[in-house]
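# Residue-level structural notes
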Amino acid sequence: MSAVKTPLWQRALTHGILILVTLVTLYPVLLVIGISLRPGDQLYSTSLRLIPEGASFHSYYVILFQKPFLLWLKNSLIVSLSVTLIGVALAATSGYAFSRYRFPGHRISLTSFLLTQMFPATMLLLPLYLLLQKVHLLNSLWGLMVVYVTTALPFCVWTMKGYYDSIPRDLEEAALIDGLGPLGAFLRIVLPLSLPALTITALFSFMAAWSEFIVARVILTKADLFTLPLGLEALAGTFQTEWANYAAGSILVSIPVVILFLLLNRFLVSGLTLGGVKG
Amino acid sequence: MKQKWTRILPVLAAVLPLLAGCGGGSGKAQGPTEITIWEQRDPQEKGVMEKVLADYEAQHPDVKVSLVHYDTENLRTQYQTAALANGGPDLVYGPSDQVGPFSVLEIIRPMDEFLPGEDWSRFLPAALDTLDGHVWSLPDQVGNHLNLLYNTEVVAKPPETFDEWVEIARKAMTTGADGRTERYGLAFEFNEPFWLVPFLTAYGGWVMDDANRPTLDTPAMVKALTFVNDLREKYRVVPRECNYQLMDTMFKTGKAAMIINGPWSFGDYKKAGVPFALARIPRATPGGPWAAPMIGTKGYSVNVNLDKSKEGAIRDLLHYLTSEKVTARFATELAILPSVRAAYDLPGIKNDALLQASLEQWKVGRRMPVVPEMRAIWDAMRPQMQSVMNGSKSPEDAARDMQKDALDKIADMNR
Amino acid sequence: MNRRSVPLAYALVLPSILVMLAVVAYPFLYNFRIAFSNMSLRHFRNPEFIGLANFVELFSSSALYVVLLKTVIWTGVNVLAHVSLGVGLAVVLNRPIRGQWLYRALLIIPWAIPQYISALTWRGMFNYEYGAVNLWLMKFGLPQVAWLSNAHAAFAAAIITNIWLGFPFMMVIALGGLQSIPHELYEVASIDGANWWNRLRHVTLPLLKPVLVPAVVLGTIWTFNNLNVIWLVTDGGKPADKSHILVTYVYKAAFTLYRYGYAAAFSLVIFLILLVFVVFYMRLSRGTESVY
């Protein structure tokens, strides 16, 4: 790293901009917290006050203990974590194949991953329902997982492939000369260097499953299978909605995502991967 | 450190999906009959429904009823998807206009065939909507109609004519220290045609004729659109932009002296402690017709895919849910009008001021058409009404375009 | 590579492809079939084949082209903003500054929080009299905007909301991609006299390409087809059905008027538009080739 310390004015400017951007970004979130604290289920507020009159944590209590929040949480965790693990595994391997091997059909299959994303989702719901019904995957977390993995794969495969592409092949060739087979080279050399991409893939797969409700709503119609987004949706009415509870639930639902990010953040810090390897 | 993860992760990957097998899914014992109802009741109503069902299950230990909640539009699309794929719930509960498309798509059974020995006279006549000669839903409430709600601490006597209305609204307005309006006289959802109907009827108009053809290009429509726009532009008694959520918030915070809302919200305002009373939406002129909001019903329909073995249990449940005791319970707790005649004789109902006021409004209401064409009409009215409200179209042009659009859409839908 | 590893390649790739095809093929073919039929309210169980009639109707409606233009603008502005903000923030947050982890964690919250409530909250923020946006504008002495009752402003409101929702994702991608750029390259560039802008242009961006390209391509596709945000912020195309993009327009056709055949045809056209874009873009950036 450079031995010269960045001048104070530059550091102050950087922090100033970051703080401004962060505050603007968080403002709507503060409003959501306000809704969760406000008694009386009001989505809108008529003043700029962030902490409403009569603020209380009652809605958090209701959501956690009077609604089957923990059941929803369990279902969501099972689905999201499975999708993440399976997604990362499939993407890490297929991406590598696409990056390193030029086999017949290589371009077409890569492009076909993209094709699956292009069709507007709304029209796919009815046939998807019919399909899952035929294979008895309706009202099953398995069915949901299969669909989510399908949704997440294109991005994950492409990202892994892109990242692998930026890793020079001499490293694997050196490994092969050293006696490791291709699989060994992949597992021992390439994979550890790809941690940032694996992080992106993991986060994306997790989010794709954690916050999805459109497909979940079609597939899961039994209340004891509901995932968190569906559980929250059940609080929404046509006219009147339990806004405070909904907002509280939304805040709670965001926390695991932030925690996951913080756990994976270490892989997004420089010095760990290629930058630190003498190339 | 890394070594440990490479060992654990594959195990996790194998085990986690297996957990998905437990909880939910099959494992159905030959025990209680399970009945599923998909509904769209707002939170307060749903709460009462759950209590009512708990009582039923206590009396019938061999039956278990579960509710799945969706909001109205999603309920319609969900039910359609499921029922068309030969699945879905046993019963679907919703407003009367959903039976139009459902019956055409043949995904609900005619109620008069499902309950052959039913005494239909026990219901209010207005509670039974027929389509193609059949009754398709068994109603437990009537109304679903708009009323005028006013904050009793601000408005002493509700208005009876449009002029009085503007007058009272103006008087109820207050200005804050910063010069901005603190409290508005009136707030309502003026982007949705459902809220336009009372104004339309006050001027003598209606949405369709007896042959289900739209009748939107009328002087009554022009007058209605003009008045609604004037409320904001000329009289300035309503906020600049207002939608359902804002109206709701404003009433709960005392920022609106009067609003126009329906029975689905009364329970919520009671809970929020808003001091309110109901009145009829005023007439346009003294001696003219009262504003007639659309009145409908909400009821249960039976899925065509219903398992024959459950029919007996379902019939029993339906009778329970539409009994005078149960419908009266919704009435006393939430000021929702029962569909059953006998309920009105119960003392709790007779003496309930809110209910009686709602009934008064209901009496001058007009039945909402349940034919599928109504959807096309709503869809045609909506954008034109919004164009008038944002100043980009005159009421005359809007009325004319509404009519044309409705005819086009009906033609498209019936192709 | 050598011939021996080709089967290995297939073995690695096949599971992914199979899963995808299994789930996507049937719905796609189903839509392909009904696009040429008159499936609707009155013809649901037994739709009839009507050839290209749906497509003819589609292409001859003037509304299509306006909505298509709007969709292109929607997509272009959003993706450009997402990438600029995302890459910009990632570059700043890749430096060793104090509280780096905290800034990062806070800035991904828009991605973490459920879209339904955040989009509705934004909708509330855009209310003329009571919304936070206008209230803050007023504090700074700026004129208030009738965000949601004016067609163009409503469109802008939806775009602003979507930018807020989407930039964290790009930021995370860029952060990941930045890790693969060796420090030596930056040092060499600095020694050669390059300032921050040149370093960005000649070192960072080119080397971010392999990771950014999938994100941009897929981001474009997802934004193009994003139903939720527009629907929630403009409450279904308000005012007056003037805030539609292609997918919300299709949604209305299908689910309000039950014109499934028409909607399927329309969806196929959307698919083809995106296909053309992707093929074109891939040729342009030669994205299937590696960087070195």
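Residues numbered from 1 in each chain as written. Chains lettered and ligands numbered in written order. Predicted model: local features only at pLDDT ≥ 70, side-chain atom pairs only at ≥ 80, totals over all residues. Heavy atoms only, no water.

The number of helices and strands found in chain A is 12 helices and 0 strands. Listing the helices and strands of chain A from first to last along the sequence gives α-α-α-α-α-α-α-α-α-α-α-α. Overall size of chain A, expressed as C-alpha extent along the three principal axes, is 70 × 65 × 30 Å. The proportion of buried residues among the 279 residues of chain A is 61%. For chain A, restricting intrachain contacts to residue pairs at least 6 apart in sequence, the fraction spanning at least 24 positions comes to 74%. About 10700 Å² of surface is accessible on chain A, with carbon and sulfur atoms providing 71% of the total. Across chain A, 17 positive and 11 negative side-chain charges occur, with their mean positions spaced 3 Å apart. (Helix = DSSP H or I, 4+ residues; strand = E, 2+ residues; numbered from the N terminus. Buried < 20%, exposed > 50% of the residue type's maximum accessible area, 1.4 Å probe, protein only. Contact = heavy atoms within 4.5 Å. Areas by Shrake-Rupley, 256 points an atom, 1.4 Å probe, with all protein chains shown as cover. Lys, Arg positive; Asp, Glu negative; His and termini not counted. Charge placed at Lys NZ, Arg CZ, Asp CG, Glu CD.)

Here we come to the sheet that holds strand β8 (residues 147-151) of chain B. Residue and element names in this part refer to chain B. Ordered by their spatial adjacency, 5 strands build an open sheet running β9-β10-β11-β8-β12, and the pairing between neighbours is mixed. Each end of this open sheet is capped by a strand with a single partner; those strands are β9 (174-175) and β12 (276-279). Pairing between β9 and strand β10 (residues 181-187): 2 bridges, direction antiparallel. In the strand pairing of β10, Thr-175 is matched with Thr-181. (Pairing = 2+ DSSP bridges.)

Moving on to a nonpolar patch on the surface. Residues and elements named next belong to chain A. A contiguous nonpolar surface patch, about 350 Å² in accessible area, is contributed by Trp-9, Leu-13 and Ile-17. Locating Trp-9 in the fold gives a position in helix α1 (residues 8-37). Overall, the relative accessible area of 57% leaves Trp-9 in the exposed class. (Patch = residues over 30% accessible without salt bridge, like charges linked within 9 Å, V, L, I, M, F, W, Y side chains within 5 Å. Salt bridge = Lys/Arg side-chain N within 4 Å of Asp/Glu carboxyl O.)

Turning to the interface of chain A and chain C, a few remarks are in order. Tallying the contact residues gives 96 residues for chain A and 105 residues for chain C. Between chain A and chain C, a total of about 9300 Å² is buried, with carbon and sulfur atoms accounting for 77% of that surface. Scanning the region where chain A abuts chain C turns up 11 residue pairs in polar contact (both at pLDDT 80 or more). Elements that contribute at least two residues to the side of chain A that touches chain C include exactly α1, α3 (69-100), α4 (106-118), α5 (125-134), α6 (141-165), α9 (195-210), α11 (228-233) and α12 (243-264) of chain A. Looking at the side of chain A that touches chain C element by element, the count peaks at 15 residues for α1(A). In the side of chain A that touches chain C, the residues fall into 67 nonpolar, 23 polar and 6 charged. (Buried area = accessible area lost by both parts, 1.4 Å probe. Polar contact = N/O pair within 3.5 Å; in protein donor to acceptor, adjacent residues only side chain to side chain. Nonpolar A, V, L, I, M, F, W, Y, C, P; charged D, E, K, R; others polar.)

Turning next to the domain arrangement of chain A. Residue and element names in this part refer to chain A. Per the domain assignment, the segments of chain A are domain 1 (8-56) and domain 2 (65-274). Computed over C-alpha atoms only, the centres of domain 1 and domain 2 are separated by 30 Å. Between domain 1 and domain 2, the contact holds 9 residues from the first and 8 residues from the second. Between domain 1 and domain 2, roughly 620 Å² of surface is buried when both sides are summed, and carbon and sulfur atoms account for 79% of that area. Together, Ser-36, Asp-41 and Leu-43 form the three largest contributors to the area buried by domain 1 at its contact with domain 2, with a combined 61%. For the pair domain 1 and domain 2, the interface holds 0 salt bridges. Where domain 1 touches domain 2, the interface holds 2 residue pairs in polar contact (both at pLDDT 80 or more). Split by residue class, the side of domain 1 that touches domain 2 holds 5 nonpolar, 2 polar and 2 charged. (Domains from an automatic or database assignment.)

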